[in-house]
Every structure is written in C-alpha cells, then in structure tokens.
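Listed below are the residues making up each chain.
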Amino acid sequence: ATASTKEASFFKDQQILVVDDSPTYLMLLEDELRREGYGVTAVADGLAALDAVRHREFDCIVIDLVMPGMDGIQLCQRVSELRGHARALLPILIVTSRGTKEKMMEALEAGADDFVEKASDSTVLKARIRTLLRRKALHDEQERIHRELRDKELELVSERAERKTAQARARLAEQLESANRELENANRELKEAHGYVGPSRRPLEVKVILGG
C-alpha cells in the first residue's frame, strides 16, 4: 500500500466533533474534514457539544473560542471534567479569528491541546488535527501495552502464588506422613511396652514390682 493509502486508512475511522456558532464556518470546516476522510459531527453551541461527548466517543474536538453562552474556554473546562477519569485521550483544538497570546494561554490552561487561528486556507488546521490524532493513537497504543503488561504481571503473580501453594501443600503432606510414621512407631512402642508384640513373637513377661 502507498503512503497515501495508509494515511487514508488511518483517518478513515477517526471521529471529530466540531463546535462553532457560525453556520458558514461550521459548514465549511465540516466539508473540509469529511473530504479528509474523517467522520464529523457538527454542533453550534457548547451545550450540544457536551451532550455529544456524553453519548459518543470522539477522537478530537475542534472548538471555536468565541461563542455566545458557553465560550470555547468554558467548554474546554467542562469537557476536561467529563473526561477526567477516562483513559482514552481526547485532544482539543481551539480555533479563533480573534486570538491573543493571553487567550491562547487561558485555553491551554483550560485543557486545550492546541490553538489555531481561523483562515480561509484550512491547511494549517488540518495539519494540526493530524498531529493531534497521531499523538492520540500513540497514547492509546501505550495504554494498551501497559494494560497488557499489567495483566501479564497479574497472571505471573497468580502462577507464582499457585506454585507456592502447591509447594506448601507438598511440604505439609511430607510433614503429615512423617508425623504418621512417628505416631505409628510410638503406638508400636507403647504396645510393646505393655507386652503386645504381635502373633509372630512371644509376649514379653511383664513383672510388676510393688514397693514396700
């Protein structure tokens, strides 16, 4: 397969949520991303975005910074809270036509992973999305490997515990057998001491000496 074919295969199943209150930009970006091979869900406000995140799995979210009601920074915070306990990474990309360094820092502190200015040419935006998706894929692969390693370690611990239990059982069985032999010897010695030695031998003569 060619590099372009592998690229298309990689992005084929990636799901992107786009949040923007401008119908024109929302439609433009949705069309651009679909042509890249992504699955796209487009919503116009923060509440709809939160509802989508609660009910579906996404690989990346593209959020407009300036929106009425819940703005991009507030939405970043809410999404981060929702995803706080999830293992899967959910990259967030903030877009704006009125960005400042202060706003960029505020967005990053709120949980955004990247910050891009809107432009008629979406080349930079699409490149940043690809970078975030690759990072997510690497992160998810590392998590998978860590889980497998933890599971394997638990299996090994369980196997070692089973071996130790079997060894302990074997030692106890040996100790029990030894104790049984000693008990049999003690019983035999006791019987012999009382004059019983079995049919093949004459009974011992027992003398009782009374003191006096």
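Predicted model only: the values in this text are computed from it and were never measured.

Trainee: I keep staring at the confidence of the model for the protein and nothing clicks. Help me out?
Mentor: Detailed reading of the predicted model is not advised wherever pLDDT is low. With 79% of its residues at a pLDDT of at least 70, the protein reaches an overall mean of 79. With pLDDT under 50 throughout, residues 200–212 is counted as low confidence; its partners more than four residues away or in other chains account for eight contacts.

Trainee: What's the story with the packing of aromatic side chains in this structure? I'm lost.
Mentor: If you walk through the whole model with that rule in mind, you get zero aromatic pairs. Between Lys118 and the ring centre of Tyr25, over which it is positioned, the NZ or CZ distance is 4.3 Å.

Trainee: Is there a simple way to think about the side chain of Glu32 in this case?
Mentor: As for its position among the elements, Glu32 is in helix α2 (residues 23–35). Only 3.3 Å separates the side chain of Glu32 from the side chain of Ser122, close enough to count as a polar contact. With residues near it in sequence (within four places) discarded, Glu32 still touches Ser122 and Lys126.

Trainee: Even after reading the chapter, I still don't get the sheet that holds strand β4 (residues 92–96), so can you show me in this structure?
Mentor: Sheet strands associate in pairs through backbone hydrogen bonding, adopting either a parallel or an antiparallel arrangement. The strand order β2-β1-β3-β4-β5 describes an open sheet built from five strands, whose pairing is parallel. The sheet terminates laterally at β2 (39–43) and β5 (114–117), the two strands that pair on one side only. Here the strands of the sheet are splayed against their neighbours by 20° on average, with no regard to which way each runs. Along the sheet face, α2 touches β1 (15–19), β2, β3 (60–64) and β4 and points at about 170° away from the line of β2. Most of the contacts of helix α3 (residues 46–55) go to β1, to which it runs at about 160°, and overall it touches β1, β2 and β3.

Trainee: Would you mind going over the pattern of salt bridges with me for this structure?
Mentor: Two side chains carrying opposite charge are able to pair once their charged atoms lie near each other. All chains considered together, the criterion is met by 11 salt bridges. Salt-bridge contacts for Asp31 lead to Arg35; the nearest nitrogen and oxygen are separated by 2.6 Å. Of this pair, Asp31 and Arg35 both sit in helix α2, four residues apart, roughly one helical turn. In this structure Asp31 comes out as partly exposed when scored by relative accessible area, which is 37%. Note that Arg130 is salt-bridged to Glu36, the shortest N-O span being 3.3 Å. Linking Arg130 in helix α6 (residues 123–193) with Glu36 in the loop between α2 and β2, this pair joins segments that are 94 residues apart in sequence. Overall, Glu36 belongs to the partly exposed group, its relative accessible area being 27%. Residues joined by salt bridges that share partners form a network here, namely Asp31, Glu32, Arg35, Glu36, Lys126 and Arg130.

Reading the values: rules and limits
Residues numbered from 1 in each chain as written. Predicted model: local features only at pLDDT ≥ 70, side-chain atom pairs only at ≥ 80, totals over all residues. Heavy atoms only, no water. pLDDT = per-residue confidence, 0-100. Contact = heavy atoms within 4.5 Å. Phe/Tyr/Trp six-rings, centres within 6.5 Å; stacked < 30°, edge-to-face > 60°. Lys NZ or Arg CZ within 6 Å of the ring centre and 35° of its normal. Helix = DSSP H or I, 4+ residues; strand = E, 2+ residues; numbered from the N terminus. Polar contact = N/O pair within 3.5 Å; in protein donor to acceptor, adjacent residues only side chain to side chain. Pairing = 2+ DSSP bridges. Axes fitted to C-alpha atoms, helices over the stretch in contact; angles between N-to-C directions. Salt bridge = Lys/Arg side-chain N within 4 Å of Asp/Glu carboxyl O. Buried < 20%, exposed > 50% of the residue type's maximum accessible area, 1.4 Å probe, protein only.

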